[in-house]
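Architecture at a glance
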Amino acid sequence: WETPHAFFKKLDEAYRFTLDPCAAHETAKCKKYYTEEDDGLKKSWKGETVFVNPPYSKSDEWLEKCYQESLQPNTTVVALVAARTDTKRWARYAMKADEIHFVKGRLKFLDNGAEKDGTPFPSAVLIFRSGVGLLSHKGYGPRVYMMEKK
């Protein structure tokens, strides 16, 4: 499902994204993007500022990729994910982010351009920056914030 336009715009103003690695031609958020056929999981994101709204059916793979790519020089990855804090995936990868921004309320994603009902789960934006995730191995955790939907 497509990220709500106003929500993406807010993030893009802060980060100036250069790559959308899990896009469709119709819904790509950046000039440079990968479709399912391109398989953004297999491409390098080195040196990019990346916006990721992964297919939730493959969120484990995408979160691992976000973290691994953020270890490359000059790479920032911003991931919009379900805030499933009770999962192994969350403990394994989200806690290695530099920042976690919990979204107040429920986002309303788009399906074929039409706004859907709010998600049945809370959302979070994870910020992974080059080298910062390594601090989590030394006992430091991410900085945690709340953010508005608009």
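Note that the structure is predicted; figures quoted are calculated from it, not measured. (Residues numbered from 1 in each chain as written. Predicted model: local features only at pLDDT ≥ 70, side-chain atom pairs only at ≥ 80, totals over all residues. Heavy atoms only, no water.)

With 22 residues, the main nonpolar core has Trp 45, Val 52, Cys 66, Val 77, Trp 90, Leu 126 and Phe 128 as its most contacted residues. Elements represented by at least two residues in this core include exactly β1 (49-52), α2 (59-70), β2 (76-82) and β6 (123-129). In terms of residue count, the dominant contributor to this core is α2 (4 residues). Beyond its immediate stretch of four places on either side in the chain, Phe 128 contacts Leu 63, Cys 66, Tyr 67, Ser 70, Thr 75, Thr 76, Val 77, Tyr 93, Lys 96, Ala 97 and Asp 98. Listed in part, the 15 residues of the second largest apolar core include Phe 8, Phe 51, Val 125 and Met 147. (Core = buried A, V, L, I, M, F, W, Y, C linked by side-chain atoms within 4.5 Å. Buried < 20%, exposed > 50% of the residue type's maximum accessible area, 1.4 Å probe, protein only. Helix = DSSP H or I, 4+ residues; strand = E, 2+ residues; numbered from the N terminus. Contact = heavy atoms within 4.5 Å.)

All chains considered together, the criterion is met by 0 disulfides. No disulfide involves Cys 66; its nearest neighbouring cysteine sulfur is the one of Cys 22, lying 7.5 Å away. Judged by its relative accessible area of 1%, Cys 66 falls in the buried class. (Disulfide = S-S within 2.5 Å.)

Attention now goes to the confidence of the model for the protein chain. When the pLDDT values of the protein chain are averaged, the result is 86; 85% of them are 70 or greater. Looking over the protein chain, one finds the lowest element-wise mean pLDDT in strand β5 (residues 114-115), namely 65, and the highest in β1, namely 97. (pLDDT = per-residue confidence, 0-100.)

On to the environment of Glu 37. Checked against the element boundaries, Glu 37 lands in the loop between α1 (5-15) and β1. Taking relative accessible area as the criterion, Glu 37 reaches 67% and is therefore assigned exposed. It is 9.8 Å that separates the C-alpha atoms of Glu 37 and Cys 22, two residues lying 15 residues apart in sequence. Polar side-chain contacts of Glu 37 include one of 3.0 Å to the side chain of Thr 35. (Polar contact = N/O pair within 3.5 Å; in protein donor to acceptor, adjacent residues only side chain to side chain.)

Attention now moves to the environment of Phe 7. With respect to the helices, strands and loops of the structure, Phe 7 is situated in helix α1. Assessed through its relative accessible area of 1%, Phe 7 is described here as buried. Once the C-alpha coordinates of Phe 7 and Leu 107 are considered, the two residues, 100 residues apart in sequence, prove to be 8.7 Å apart. What Phe 7 contacts, discounting residues up to four positions off in sequence, is Leu 80, Val 103, Leu 107, Val 125, Met 147, Glu 148 and Lys 149.

Summed over the entire model, instances satisfying the criterion amount to 7 aromatic pairs. Ring centres of Phe 17 and Phe 51 lie 5.3 Å apart, and the angle between their planes is 55°; on these two criteria the pair is classed as tilted. With Phe 17 in the loop between α1 and β1 and Phe 51 in strand β1, this residue pair connects regions lying 34 residues apart in the sequence. With respect to class, Phe 17 is no different from Phe 51; both count as buried. The structure contains a cluster of three or more aromatic residues connected by ring pairs, namely Phe 8, Tyr 15, Phe 17 and Phe 51. (Phe/Tyr/Trp six-rings, centres within 6.5 Å; stacked < 30°, edge-to-face > 60°.)

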